[in-house]
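An overview of the molecular structure
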Amino acid sequence: MAATMANMEYVFADTLSPDQLMEEDAIKFEDEIVIVKDVVELKEGYLICATNDFGEELEFIVSDNTKLEWYVIQD
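These remarks concern the structure in this document.

Rules of the game
- Residues numbered from 1 in each chain as written.
- Predicted model: local features only at pLDDT ≥ 70, side-chain atom pairs only at ≥ 80, totals over all residues.
- Heavy atoms only, no water.
- Helix = DSSP H or I, 4+ residues; strand = E, 2+ residues; numbered from the N terminus.
- Rg over C-alpha atoms; globule rule 2.2 N^0.38 Å.
- Buried < 20%, exposed > 50% of the residue type's maximum accessible area, 1.4 Å probe, protein only.
- Areas by Shrake-Rupley, 256 points an atom, 1.4 Å probe, with all protein chains shown as cover.
- Core = buried A, V, L, I, M, F, W, Y, C linked by side-chain atoms within 4.5 Å.
- Contact = heavy atoms within 4.5 Å.
- Pairing = 2+ DSSP bridges.
- Axes fitted to C-alpha atoms, helices over the stretch in contact; angles between N-to-C directions.

**A few points about the overall build of the chain**
If you tally the helices and strands in the chain, you get one helix and six strands. Element order for the chain, N to C, with α for helix and β for strand: α-β-β-β-β-β-β. At 12 Å, the chain has a C-alpha radius of gyration in line with the 11 Å of a compact globule built from 75 residues. In the chain, buried positions account for 35% of the 75 residues. As displayed, the chain offers around 5000 Å² of accessible surface, 47% of which is attributable to carbon and sulfur atoms.

Take a look at the structure:
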């Protein structure tokens, strides 16, 4: 998967709130494009589980009002 993602070109499409995310969405987290695997609603916000282009799994919590940059693959 790492080689596949590295060869794709992502372009900014929109900003989304955590409750708008779906599995396989590409978002920016800490200056890196990651692929969403799961979004879980918590009392204090949302837990987002994702993978980066190295196949490493990431988990991070964002608040309800966070705006995340959403990316799509350029044709």
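Structure's up, so let's keep going.
**Observations regarding the nonpolar core**
Leu16, Leu21, Ile27, Phe29, Val34, Val36, Tyr46, Ile48, Ala50, Phe60, Val62 and Leu68 form the largest nonpolar core, which has 12 residues in total. When residues of this core are traced back to their parent elements, those giving at least two are strand 2 (26–29), strand 3 (32–42), strand 4 (45–51) and strand 5 (57–62). The element that contributes the greatest number of residues to this core is strand 4, accounting for three residues. Once residues within four sequence positions are removed from consideration, valine 62 is found in contact with Pro18, Glu44, Gly45, Tyr46 and Ile48. By size, the runner-up hydrophobic cluster in this structure holds five residues, among which are Ala26, Ile33, Ile35 and Tyr71.

**Regarding the sheet that holds strand 2**
Strand order in the open sheet formed by six strands is 1-6-2-3-4-5, and the pairing between neighbours is antiparallel. Both edges of this open sheet fall to strand 1 (10–16) and strand 5, since each of them pairs with a single strand only. Recorded for the sheet is a direction-independent mean angle of 45 degrees between the axes of neighbouring strands. One ladder, built from six bridges, connects strand 4 with strand 5; its direction is antiparallel. Looking across to strand 5, one finds that cysteine 49 is bridged to glutamate 59.

**A word on the pairing of strand 4**
It is a general feature of regular strands that their side chains alternate between the two faces of the sheet. With seven of seven residues buried, strand 4 lies mostly within the body of the structure. Once strand 3 ends, the chain turns through two residues before running back antiparallel as strand 4.

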